[in-house]
Amino acid sequence: PVARYAYPEWLLQRLRQAWPEHWERLVVDSLERPPMSLRVNLNRTSRQAYITLLEQRGIAAEPIPMVDSGLVLKNAVGIERLPGFEDGLVSVQDGGAQLAAGLLNPAAGDLVLDSCAAPGGKSGHLLEWNRRIVLTAVDIDPQRNNRVRENLSRLAFAAEVCQGDASQPSGAWASRHYERILLDVPCTATGVIRRHPDIKLLRKEDDIAPLVEIQRRILHATWPLLKPGGILLYATCSLLPEENHQQVASFLDAQSDARERVIDGTWGHACKVGRQTLPGENTMDGFYYACMEKC
């Protein structure tokens, strides 16, 4: 398998252990060229209307069944060929990433924190989901924060974009309490290898423990910013249980005012806590999500 799939042995072993019934299929799918997926701005148009616009330009597309805003193109095209792209009618985003906004489901007037926000795709989708939320987007990297601003500007949305370390919240954004928090933490990115095949070469087994510790620190540091009754959505693009359901289960065991809000979905696979999509299933990349409510 190491030679057949050009995968490091340590990663194959971990995937076999984590996904004994699915590991070979997900590895094969991770070697395929990924589809180009779009998120239609449902504030501006309908998915079917945008399919019609694409057809007029000779571009074939199909709905992604698990997300109302999602389309997948039969063949990838340059963004300059996408009708209304520069005007915010559509964005390029994987279907798995589009699940986040619906899971968080913010209401009008909610204070929403998108922590580790760059490059801003999920921030934009949250505002498309409900443009009357009050969004704060935070990332530790000032250059990547510029990407967040650019993406929101293209969509004609306004939000507070701050530089900050989610593992050590400080400043004005950290003095507020939020109804909704999206925590898309740094991870091994093993669920998006088909989009970034160099991960197989660059990622090392020794990287896992430090990343798990960073995730733990961010989760515990961010939790106090959530209002009672609020929802925190923990997300990764990893396939490894240490970063996903094991991480969240440990947090729930340690945090007396946290409880799981079970995700009732038909997509992906139910885990001990949360749900996981696997690469290639319903055109999606590999994402993990868990919802937690503050008691």
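Read on for a plain summary of the structure.

Cut-offs applied
- Residues numbered from 1 in each chain as written.
- Predicted model: local features only at pLDDT ≥ 70, side-chain atom pairs only at ≥ 80, totals over all residues.
- Heavy atoms only, no water.
- Helix = DSSP H or I, 4+ residues; strand = E, 2+ residues; numbered from the N terminus.
- Core = buried A, V, L, I, M, F, W, Y, C linked by side-chain atoms within 4.5 Å.
- Buried < 20%, exposed > 50% of the residue type's maximum accessible area, 1.4 Å probe, protein only.
- Contact = heavy atoms within 4.5 Å.
- Disulfide = S-S within 2.5 Å.
- Phe/Tyr/Trp six-rings, centres within 6.5 Å; stacked < 30°, edge-to-face > 60°.

1. Describing unusual backbone geometry
That bond from A118 to P119 is cis: its omega, 5 degrees, falls within 30 degrees of zero. For P119, the position within the fold is in the loop between β5 (111-115) and α6 (121-129). With a phi close to 60 degrees, A189 is a non-glycine residue in the positive phi region. Note on placement: A189 falls in the loop between β8 (178-184) and α8 (199-202). Notably, T283 is not glycine yet its phi reads approximately 70 degrees, a positive angle. Position of T283 among the secondary structure elements: in the loop between β12 (275-276) and β13 (288-294).

2. A short note on the nonpolar core
If you look at the biggest cluster of nonpolar residues, it comprises 80 residues, and the most contacted ones within it are L15, L232, Y234, Y289 and M292. The element contributing the most residues to this core is strand β9 (residues 226-236), with six residues. Look past the residues within four positions of M292 in its chain and what remains in contact with it is L219, W223, L226, G230, I231, L232, Y234, V248, F251, L252, R259 and R261. Judged by nonpolar contacts, the second largest core, of 15 residues, contains V40, A61, L89 and V90.

3. Quick word on the state of the cysteines
Joining two cysteines, a disulfide is a covalent bond between their sulfur atoms. In this structure the tally under the stated criterion is zero disulfides. You can see C116 has no disulfide; the closest cysteine sulfur is in C187, sitting 10 Å from it. C187 takes part in no disulfide bond, and the closest cysteine sulfur, belonging to C237, lies 3.5 Å away.

4. Some details on the packing of aromatic side chains
Evaluated as defined, the whole model comprises four aromatic pairs. A ring pair is formed by W267 and Y289, whose centres lie 6.2 Å apart and whose planes are at 85 degrees; its orientation type is edge-to-face. Pair noted here: W267 is in the loop between β10 (258-261) and β11 (269-270) and Y289 is in strand β13, with a separation of 22 residues, a long-range link. Each of the two residues, W267 as well as Y289, counts as buried. With a centroid separation of 6.2 Å and 10 degrees between ring planes, the pair formed by F287 and Y289 is classed as stacked.

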